[in-house]
Amino acid sequence: MSKPIHPRFKTAVPIHPRFKTAVLLLAAAWLVYSTAVAHLGSLGGALVLVLCVAGPVGALAYRAKSLRSRIRRGWPDLTYALGLWQQAPLPRFDAPYEYVWPRIARIRRHPGGLDVLIGLLPGQVPDQVAQHAQGIAHAWRVHRVEVASPRRGVVVLRAWTVDPLAQPFTTGRAAPTATRPPLTKRLRGWWGRLATLARRARFHLRTLARRTRTAAASAWAASALELPGSGGRPSALAAGGLPGGRAEGGDGSPSEPVGAPAGWASVEIGTREDGSPWRLRLHGTHVLVAGVTGAGKGSVLWGVVRGLLPAVAVGLVQIWALDPKRMELSFGVSLFAKYASDPERMVELLEDAVERMQERARSFAGLVRSHTPTPDSPFVVLLVDELAFLTAYQSDRDLRRRAEAAIATLTSQGRSVGFCLVGALQDPRKEVMNLRNLFPDRVALRMDEAAQVDMVLGSGARDRGAYADLISPDPHTGAGVGYVRNEGNPEPVRVRAAYVPDSEISALVSQYGPDHSVYVASSPLDSNSESGDSQ
């Protein structure tokens, strides 16, 4: 039988793990210091002391200042404040209550900040975290936080420490930020360059061997006079081709390859928050652009015009413009195949588009299922500035009814036969624009109210990070900044459209505006007559 333990020895004071760690570190430091003094003298000992002091001080500084460390250290308290904690199941009825919170699985850096991967608790959904995105951003002291769920059970909090779209730009893409890529990415780049050099060297060696064989065959054929066909060109070149399959021009030089067709399905009009180009899809969809006065709707419209003009020049695209204000699109009126600014003329232009769309649908019926632009059947893009003027603010009730009917027909039937409607408006309310659900792709620029964000981008868009109502009213910082929701992808993407200055519009008019432009003359600014409308 074991001897009972005396009561005074039953309880012992537990030793804290950090105390053990400190003792081990001090012992290791003393051992290293003694070794350094014995082998390197007093200078080596002093160097060891400096390192021993600088290490803990640097760790404390990193812990206090690093965003990664602050996120990990403050995450339990932040989840408690946001109400994301849950009570853990009790193993027995008398066990104390314990609480659990969503754990941080991984933190990775991206060019603009950090990606924090969170594991959800049982019963939690990403929307519960998304509705606290703004509070998380304030707690972390970052510019903004996006919430996304790449797979079941996890949520990624993308924290942006700076605003990459704060500076305006006039080209199709903002100037890239000078960020040093991580070591793994640089190693992959170096390996890719080495592989490219190896492939090039192998290609050059093969080309040299092929040319050597060809020259030897030609020399042998020229020396063998008794053989038929001696002195002729090698069979590899007798067919009129050159190595690589290139055709030969009349002067013996390779002819220039046929260039790729001008872009018409989508146009690059700005940049996304991650630095990639923002390409606005046009073919096969319709686009609604909403924003208050000065939000940058003109940048989106002129970005579309600038991107389509090369395709317009070759006859694959036609741009029709409806400009009730007579101030935005009239500056480049000669760039458009049709232009209207009078209310009745604008409605007639919409009805003309519906009629041509139906004619094209009848001609395509039973023959093709998708439209490909040709000079005989071009892709027609209708730009409508202040769309609400036709659907709500027009005083003539009959014109409003006709405009709504034409817009509804175009947006419900036009995209499959090569018609795209790009409409801009200021007020997205249902009583102003009750056809917004017929626009698959939508752009929300700066808005007045938080509720308007969901009106434009769909329910729950603001909870997922589309804070269009918080965009800066300063034109230098916020003009052209917005959020895009594409068809089939409910996640909003933050973008900024490039500003198209008046000088560039004048240059585009000089380059692409022919003297024989045809458009509906309905404004005192127009100078061309209507008689040439034969399209």
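Keep in mind that this is a model prediction, so the values were computed, not measured.

Calculation criteria
- Residues numbered from 1 in each chain as written.
- Predicted model: local features only at pLDDT ≥ 70, side-chain atom pairs only at ≥ 80, totals over all residues.
- Heavy atoms only, no water.
- Axes fitted to C-alpha atoms, helices over the stretch in contact; angles between N-to-C directions.
- Helix = DSSP H or I, 4+ residues; strand = E, 2+ residues; numbered from the N terminus.
- Parallel < 35°, antiparallel > 145°, perpendicular 65-115°, else oblique.
- Left-handed = near helix turned anticlockwise from the far one by under 90°.
- Contact = heavy atoms within 4.5 Å.
- Nonpolar A, V, L, I, M, F, W, Y, C, P; charged D, E, K, R; others polar.
- Buried < 20%, exposed > 50% of the residue type's maximum accessible area, 1.4 Å probe, protein only.
- Arc of directions from axis to C-beta.
- Pairing = 2+ DSSP bridges.
- Phe/Tyr/Trp six-rings, centres within 6.5 Å; stacked < 30°, edge-to-face > 60°.
- Lys NZ or Arg CZ within 6 Å of the ring centre and 35° of its normal.
- Salt bridge = Lys/Arg side-chain N within 4 Å of Asp/Glu carboxyl O.
- Patch = residues over 30% accessible without salt bridge, like charges linked within 9 Å, V, L, I, M, F, W, Y side chains within 5 Å.
- Areas by Shrake-Rupley, 256 points an atom, 1.4 Å probe, with all protein chains shown as cover.
- Lys, Arg positive; Asp, Glu negative; His and termini not counted.
- Charge placed at Lys NZ, Arg CZ, Asp CG, Glu CD.

Visitor: Would you explain the packing of helix H3 (residues 67-82) against helix H5 (residues 133-140) in this entry?
Guide: How two helices pack is summed up by the angle between their axes together with the distance between the axes. Packing of H3 against H5 leaves a shortest axis separation of 10 Å and a crossing angle of 135°. On the basis of the axis angle, H3 is oblique to H5. Where H3 crosses over H5, the handedness of that crossing is right-handed. Residues Leu67, Arg70, Ile71, Trp75, Leu78 and Leu82 of H3 form the contact with H5, whose own contacting residues are Ile136, Ala139 and Trp140. For the contact of H3 with H5, the class distribution of residues is eight nonpolar, no polar and one charged.

Visitor: It is not clear to me how H5 should be interpreted in this structure. Could you clarify?
Guide: Since there are 3.6 residues in each turn of an α-helix, residues three or four apart along the chain are aligned in direction. The complete set of buried residues in H5 reads Ala133, Ile136, Ala137 and Trp140. Within H5, the buried residues cover an arc of 100° as seen down the axis, which keeps them to one side. Arg141 lies just past H5 and shows a positive phi near 60°.

Visitor: Honestly, the packing of helix H8 (residues 297-313) against helix H14 (residues 502-512) in this entry has me stumped. Any pointers?
Guide: Closest axis-to-axis distance for the H8/H14 pair is 11 Å, and the angle between their directions is 15°. Of the possible angle classes, the one that applies to H8 and H14 is roughly parallel. Of the two possible hands of crossing, H8 and H14 adopt the one that is left-handed. Facing Trp302, Arg306, Leu309, Pro310 and Ala313 of H8, the residues of H14 in contact are Glu504, Ile505, Leu508 and Tyr512. Among the residues making up the contact of H8 with H14, the classes are represented as seven nonpolar, no polar and two charged.

Visitor: So what exactly am I meant to see when it comes to the sheet that holds strand S12 (residues 379-384) here?
Guide: The strands making up a sheet are joined through hydrogen bonds of the backbone, oriented either antiparallel or parallel. Strands sit in the order S8-S7-S16-S15-S14-S9-S13-S12-S10-S11 across an open sheet of ten strands; the sheet is mixed. Pairing within the sheet leaves two strands with one partner each, and these edge strands are strand S8 (277-281) and strand S11 (338-340). If you compare each strand with its neighbour and ignore which way they point, the axes differ by 25° on average. Bridge analysis of strand S7 (residues 266-272) against S8 gives five bridges, and the strand direction is antiparallel. When the bridges of S8 are listed, Thr271 appears paired with Pro277. Helix-sheet contacts for H8 involve S7, S8, strand S9 (287-290), strand S10 (317-322), S12, strand S13 (419-425) and strand S16 (493-497), and the interaxial angle to S7 is about 140°.

Visitor: Any chance you could explain the packing of aromatic side chains here in plain terms?
Guide: What describes a pair of aromatic rings is the distance from one ring centre to the other and the angle between the planes of the rings. Within this structure, the stated rule accounts for six aromatic pairs. Taken together, a centroid distance of 5.1 Å and an interplanar angle of 70° make the contact between Tyr80 and Trp85 edge-to-face. The class of Tyr80 is exposed, set by a relative accessible area of 58%. Three or more aromatic residues joined by ring pairs make a cluster, and in this case those are Tyr80, Trp85, Tyr99 and Trp101. The ring of Trp101 is capped by Arg103, whose NZ or CZ atom sits 4.1 Å from the centre of that ring. The ring of Trp320 has Lys338 lying over it, and the distance from NZ or CZ to the ring centre is 5.4 Å.

Visitor: So what exactly am I meant to see when it comes to the sheet that holds strand S4 (residues 113-119) here?
Guide: With antiparallel pairing, the four strands of this open sheet are ordered in space as S3-S4-S6-S5. In the strand order of this sheet, the two ends are held by strand S3 (103-110) and strand S5 (144-148), each with one partner. For this sheet, the mean angle separating the axes of adjacent strands, direction not counted, is 20°. Here S3 pairs with S4 via seven bridges, running antiparallel. Across the sheet, Ile107 pairs through a bridge with Val116, a residue of S4. Taken strand by strand, H5 contacts S4, S5 and strand S6 (154-160), and its axis lies near 135° from that of S5.

Visitor: Explain the pattern of salt bridges to me, please; I cannot follow it from the model alone.
Guide: Pairing between side chains of opposite charge can happen when their charged atoms approach one another. One pass over the full model with this rule turns up 20 salt bridges. We note a salt bridge from Arg281 to Asp441, for which the minimum N-O separation is 3.4 Å. Taken together, the residues span a long stretch of sequence, with Arg281 in strand S8 and Asp441 in strand S14 (residues 441-444) at a distance of 160 residues. Using a relative accessible area of 31% as the deciding quantity, one classes Arg281 as partly exposed. Classification of Asp441 as buried rests on a relative accessible area of 1%. For Lys338, the salt bridge is made with Asp352, and the minimal N-O distance between the two is 3.8 Å. Here Lys338, found in strand S11, pairs with Asp352, found in helix H9 (residues 343-364); they are 14 residues apart in sequence, far enough to count as distant. According to the relative accessible area criterion, Lys338 is buried, its value standing at 1%.

Visitor: Looking at this structure, how should I read a positive patch on the surface?
Guide: Judged by side-chain charge, Arg199, Arg200, Arg202 and Arg206 come together as a positively charged surface patch. Looking at the element boundaries, Arg200 is found in helix H6 (residues 183-223). Since its relative accessible area comes to 52%, Arg200 is described here as exposed.

Visitor: What is the right way to read the pairing of S14 from this model?
Guide: Moving residue by residue along a regular strand, the side chains alternate between the two faces of the sheet. The alternating pattern of S14 places Asp441 and Val443 on one face and Arg442 and Ala444 on the opposite face, and all of these are buried. The sheet contact formed by S9 and S14 spans four bridges and is parallel. What sits directly across from Val289, in S14, is Val443. Examined bridge by bridge, S14 and strand S15 (residues 481-485) share three bridges and lie antiparallel to one another.

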